[in-house]
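Spelled out from the first residue to the last, the chains are:
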Amino acid sequence: MFKIFSSPEDIAKKVSELLYSTIKQKPSAALGLATGSTMEPVYAYFVKQVQETGLDLSQVTTFNLDEYIGLPFGHPQSYWAFMQQHLFEPLNIAQAQTHLPCGNAKVLTDECEQYTQKIQALGGLDIQLLGIGSNGHIGFNEPGTPFDRCTHVVDLTEETRLDNSRFFNDLSEMPTQAVTMGIAEIMSAKEVVLVATGLHKSKTMRHLYESEPDPNMPASILKTHPNVKIWLDTEAAALLPKI
Ligand code: F6R
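Now for a quick tour of the structure. (Residues numbered from 1 in each chain as written. Predicted model: local features only at pLDDT ≥ 70, side-chain atom pairs only at ≥ 80, totals over all residues. Heavy atoms only, no water.)

What follows covers the overall build of the protein chain. Summing up its helical and strand segments, the protein chain has 7 helices and 10 strands in all. Taken over C-alpha atoms, the radius of gyration comes to 17 Å for the protein chain, in line with the 18 Å a tight globule of 243 residues would show. Every one of the 243 residues in the protein chain was classed for burial, and the buried ones make up 54%. When the accessible area of the protein chain is evaluated, it comes to approximately 10800 Å², of which 51% is carbon and sulfur surface. (Helix = DSSP H or I, 4+ residues; strand = E, 2+ residues; numbered from the N terminus. Rg over C-alpha atoms; globule rule 2.2 N^0.38 Å. Buried < 20%, exposed > 50% of the residue type's maximum accessible area, 1.4 Å probe, protein only. Areas by Shrake-Rupley, 256 points an atom, 1.4 Å probe, with all protein chains shown as cover.)

Here it is, written out as structure tokens:
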């Protein structure tokens, strides 16, 4: 389950190969995607691999984990914009194939329900990529979130707001809420890959390594998933015992 790689680039290559083989095997695969710094090298490598091999993505469907509430559509720090920049535009993936929760929906509870239904209608996700927040969140499922929750509106913790304010001019611009896929949908994916890189993730990864399934460490539920990979670079694994 836990595997250590020598660099973020090595992990990016491995995750990219996993996405490639998932799509080769099932061209209509439903991919659960994450945003954030951890995913940047992953998507850069995948874009290169698809461009070099000509992998056909025309039948793929994508579902992102989350989106901020309150940012105008297309805001440069929205997760929609992140995905256009890092994956969808470089690979010419049509908008109709991609899904992100809408943080500007008039009735957010309806938006959440519909997002869950769309994922269920496809029989769940074939593979879910995850990063991890310093407080152990996956998607924006913050500590304390029940493991059986589907897509929902979340109040972001101060820790998450501080962590992610690095992308904004200052903390006041950082949204206070988001829509996130729930742990129920993440856990129903056929395969889950959580990636953690960098020394700043080492305490979190130790906590995750030692934790029993506990809603206060949201990622800990992944230990009960039948097909999960938790891939770390040597820096994120710095506080783990030798594995
Ligand atoms: C992003 C997401 C978050 C991030 C996590 C780590 O879509 O769901 O859980 O994966 O906050 O972010 P980075 O990779 O920026 O450290």
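Next, the rest of the story.
Below, the discussion takes up the sheet that holds strand β4 (residues 66–68). Strand order in the open sheet formed by 3 strands is β4-β8-β7, with antiparallel pairing between adjacent strands. Edge positions in the sheet fall to β4 and β7 (152–155), since each has one partner strand and no second. Adjacent strand axes in the sheet meet at a mean angle of 25° when their direction is disregarded. Bridge count between β7 and strand β8 (residues 177–180): 4 bridges; the pairing is antiparallel. The residue of β8 that forms the bridge with aspartate 155 is glutamine 177. (Pairing = 2+ DSSP bridges. Axes fitted to C-alpha atoms, helices over the stretch in contact; angles between N-to-C directions.)

A positive phi angle, near 50°, is found at asparagine 92, a position not held by glycine. Inspection of the secondary structure assignment puts asparagine 92 in the loop between α3 (79–88) and β5 (98–99).

Let us now look at the environment of phenylalanine 88. Structurally, phenylalanine 88 is set in helix α3. Sequence-wise, phenylalanine 88 and threonine 98 are 10 residues apart; in three dimensions their C-alpha atoms are separated by 8.3 Å.

Looking at where asparagine 135 falls in the secondary structure, it is placed in the loop between β6 (127–130) and β7. A polar side-chain atom of asparagine 135 sits 3.0 Å from the main-chain amide nitrogen of histidine 137. Reaching out from asparagine 135, the side chain makes a polar contact with the side chain of threonine 160 at a distance of 3.4 Å. Among residues more than four places away in sequence, those in contact with asparagine 135 are Glu142, Pro143, Thr157, Glu159, Thr160, Asn216 and Pro218. (Polar contact = N/O pair within 3.5 Å; in protein donor to acceptor, adjacent residues only side chain to side chain. Contact = heavy atoms within 4.5 Å.)

Take helix α2 (residues 39–53) next. A rise of 1.5 Å per residue sets the reference length of α2, with its 15 residues, at 21 Å; its end C-alpha atoms lie 21 Å apart and thus fit the reference within 8%. The set of residues buried in α2 consists of Met39, Val42, Tyr43, Phe46, Val47, Gln49 and Val50. Projection of α2 onto a plane perpendicular to its axis shows the buried side chains occupying an angular sector of 165°, all on one side. For α2, the exposed residues lying more than 90 degrees away from the buried face are Gln51 and Glu52. Residues of α2 that are buried make contact with α1 (8–25), β2 (30–33), α3, β6 and β9 (192–196). Taken from the residues just after α2, glycine 54 is the one with a positive phi, measuring 70°. (Expected span 1.5 Å × (residues − 1). Arc of directions from axis to C-beta.)

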